[in-house]
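Tertiary structure, described
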Amino acid sequence: MSPPKKFINDPKDAVDELIQGMLLQYPNKLRKLQNHHVLLSSEINHEKANLLSGGGSGHEPSHAGWIGKGMLTGAILGGVFASPSVASILAAIRAVTKVGE
């Protein structure tokens, strides 16, 4: 048996496992937007501009690793080397701007 070439268990589960790991590592700093591959800061100030970034996963913690005070408000994660879904992008925008409330 040859040694594994990747640090992931299964490419289909890579994004979900990354999100779970980030939430375990930073439970008081991050939260997941339900039903989307979106990580947000747990402290969102709706009185100031909020910054989102996103892209394909595979070079983690490319976007999610930059969430924090003075940095990103949230990250929208696509699949491995794939763009995030339009639904997740829109949900993230709504979450940081309070649109629809």
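Residues numbered from 1 in each chain as written. Predicted model: local features only at pLDDT ≥ 70, side-chain atom pairs only at ≥ 80, totals over all residues. Heavy atoms only, no water.

1. A short note on the pairing of strand E2 (residues 38-41)
Going residue by residue along E2, you find Val-38 and Leu-40 tucked away on one face and Leu-39 and Ser-41 tucked away on the opposite face as well. Between strand E1 (residues 30-32) and E2, which follow one another and run antiparallel, lie five residues, and Asn-35 among them has a positive phi close to 70 degrees. With three bridges joining them, E2 and strand E4 (residues 74-80) adopt antiparallel strand pairing. Bridge pairing in E4 links Leu-39 to Ala-75. (Buried < 20%, exposed > 50% of the residue type's maximum accessible area, 1.4 Å probe, protein only. Helix = DSSP H or I, 4+ residues; strand = E, 2+ residues; numbered from the N terminus. Pairing = 2+ DSSP bridges.)

2. Let's talk about the pattern of salt bridges
Overall, the coordinates contain one salt bridge when judged by the stated rule. Across the salt bridge formed by Asp-10 and Lys-12, the nearest N and O atoms sit 3.7 Å from each other. (Salt bridge = Lys/Arg side-chain N within 4 Å of Asp/Glu carboxyl O.)

3. Re the side chain of Thr-73
Following the sequence through the fold, Thr-73 ends up in the loop between strand E3 (52-57) and E4. The residues contacting Thr-73, other than those within four sequence positions of it, are Leu-39, Leu-40, Ser-41, Ile-44, Asn-50, Leu-51, Ile-67 and Val-96. (Contact = heavy atoms within 4.5 Å.)

4. Brief notes about the sheet that holds E2
In space, the four strands of this open sheet follow the order E1-E2-E4-E3, with mixed pairing throughout. With partners counted over all chains shown, the strands left at the sheet margins are E1 and E3, one partner each. Here the average twist between neighbouring strands, direction ignored, is 20 degrees. Set on the sheet, helix H1 (residues 14-25) makes contact with E1, E2, E3 and E4; between it and E4 the angle comes to about 150 degrees. (Axes fitted to C-alpha atoms, helices over the stretch in contact; angles between N-to-C directions.)

5. Topic: the environment of Ser-42
Note that Ser-42 resides in the loop between E2 and E3. When the C-alpha atoms of Ser-42 and Ile-67 are compared, they prove to be 9.8 Å apart, with 25 residues separating the residues in sequence. Ignoring any residue separated from it by four or fewer positions in sequence, one finds Ser-42 in contact with Asn-28, Lys-29 and Leu-30.

6. Some details on the nonpolar core
Counting residues in hydrophobic clusters, the biggest one holds eleven residues: Val-15, Leu-18, Ile-19, Met-22, Leu-30, Leu-39, Ala-64, Ile-67, Leu-72, Ala-75 and Leu-77. Elements that contribute at least two residues to this core include exactly H1 and E4. Top contributing element to this core by residue count: H1, with four residues. Apart from the residues within four sequence positions on either side, Ala-75 is in contact with His-37, Val-38, Leu-39, Ser-53, His-63, Ala-64 and Ile-67. Of all hydrophobic cores here, the second largest spans nine residues; its members include Val-38, Ala-91, Ala-95 and Val-96. (Core = buried A, V, L, I, M, F, W, Y, C linked by side-chain atoms within 4.5 Å.)

7. Section: unusual backbone geometry
One non-glycine residue with positive phi stands out, namely Asn-35, at about 70 degrees. You can see Asn-35 is positioned in the loop between E1 and E2. Positioned with a positive phi, Phe-81 is a non-glycine residue whose angle comes to about 55 degrees. Examined against the element boundaries, Phe-81 turns out to sit in the loop between E4 and helix H2 (86-97). Given the relative accessible area of 62%, Phe-81 is considered exposed.

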